[in-house]
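Observations on the three-dimensional arrangement
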Amino acid sequence: HLAQAIDGDQAALAVKPAADAYYDLGFALAGTGQADEAAKSFLAALQLQSDLPEAHYQLARLAEQANDLSEAERHYAATLRLAPNHAAAHAHFGLLLARSGRLDAAAAQLQAAIGLKPDDANAHANLGNVWLLQGRMRDAIGQYEEVLRLRPNDAAALENLQLARDALKNRR
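1. A look at the side chain of Glu-64
By secondary structure assignment, the location of Glu-64 is in helix α4 (residues 53-65). In contact with Glu-64, not counting residues within four places along its chain, are Leu-69, Ala-72, Tyr-76, His-92, Leu-96 and Arg-99.

2. Considering the environment of His-56
Here His-56 is to be found in helix α4. Linking His-56 and His-75, residues 19 residues apart in sequence, is a C-alpha distance of 5.0 Å. When residues no more than four places from it in sequence are discounted, the contact partners of His-56 are Leu-46, Ser-50, His-75, Ala-78, Thr-79 and Leu-82.

3. What about the pattern of salt bridges?
Applying the stated criterion across every chain yields a total of 10 salt bridges. Between Glu-71 and Arg-74 there is a salt bridge whose closest N-O contact spans 2.7 Å. Within this pair, Glu-71 and its partner Arg-74 are both found in helix α5 (residues 69-82), separated by 3 residues, close to a single helical turn. Judged by its relative accessible area of 46%, Arg-74 is partly exposed. Where Glu-146 meets Arg-149, a salt bridge forms, and the shortest distance between an N and an O atom there is 2.7 Å. Here the residue Glu-146 and the residue Arg-149 both occupy positions in helix α9 (residues 137-150), the gap between them amounting to 3 residues, near one helical turn.

4. What about helix α8 (residues 121-134)?
Side chains of residues three or four places apart in an α-helix project in the same direction, reflecting 3.6 residues per turn. An ideal rise of 1.5 Å per residue puts 20 Å on 14 residues; α8 measures up with 20 Å between its terminal C-alpha atoms. When we look at burial in α8, the residues that qualify are Ala-121, Ala-123, His-124, Ala-125, Leu-127, Gly-128, Val-130 and Trp-131. Considering only its buried residues, α8 is in contact with α6 (87-99), α7 (103-116) and α9. By the N-cap criterion, in which a side-chain oxygen at the helix start approaches the backbone nitrogen of a residue two or three places on, α8 is capped by Asp-120, the distance to Asn-122 being 3.0 Å. Once α8 ends, the next one or two residues include Gly-135, with phi positive near 80 degrees.

5. Overview of the packing of aromatic side chains
This model, assessed by the stated rule, comprises 4 aromatic pairs. Relative to Phe-27, the ring of Tyr-23 lies with its centre 6.1 Å away and its plane at 25 degrees, an arrangement referred to as stacked. One end of the pair is Tyr-23 and the other is Phe-27, both in helix α2 (residues 19-31) and 4 residues apart, which spans about a single turn. Between Tyr-23 and Phe-42, the aromatic rings sit 5.4 Å apart at their centres with planes inclined by 50 degrees, giving tilted as the arrangement. Highlighted residues: Tyr-23 in helix α2 and Phe-42 in helix α3 (residues 35-48), separated in sequence by 19 residues. The same class applies to Tyr-23 as to Phe-42, namely buried.

Definitions and cut-offs
Residues numbered from 1 in each chain as written. Predicted model: local features only at pLDDT ≥ 70, side-chain atom pairs only at ≥ 80, totals over all residues. Heavy atoms only, no water. Helix = DSSP H or I, 4+ residues; strand = E, 2+ residues; numbered from the N terminus. Contact = heavy atoms within 4.5 Å. Salt bridge = Lys/Arg side-chain N within 4 Å of Asp/Glu carboxyl O. Buried < 20%, exposed > 50% of the residue type's maximum accessible area, 1.4 Å probe, protein only. Expected span 1.5 Å × (residues − 1). Polar contact = N/O pair within 3.5 Å; in protein donor to acceptor, adjacent residues only side chain to side chain. Phe/Tyr/Trp six-rings, centres within 6.5 Å; stacked < 30°, edge-to-face > 60°.

Shown next, in the form of structure tokens:
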């Protein structure tokens, strides 16, 4: 199906360049593992229409996969400037910030993601992990408990919940 989508998008672009066709082509190319070609298509979409948050988001994801964290950060920020309620961008940006050790900023992005999508168990787990790293054990416990409410058999959340409880107990 992706190969047909790529052929169709390329045919449409040969007739008339359009931002949405470049975006669709980039998405299909990314789905087939052609990251460099996908990035070129997303950039072409942005050249035609600079206010496409999804093109920035996809470029951020591709940059992050290539371990180009500064480029990923630039595109996540652009996504959120254009679409402040983009829950996935907040969540992924939070993870990127956590990877680079900016835990306060990471927590803020993850909290924004949760505010927009309260049932996102992954965002709760990641916020719990950030707070665990910051030594905010009670807050981490609350996040892991929420993960378990959403996904009762989540082994990682159970393990992290126990770690946070043990750390809190050892402080006393």
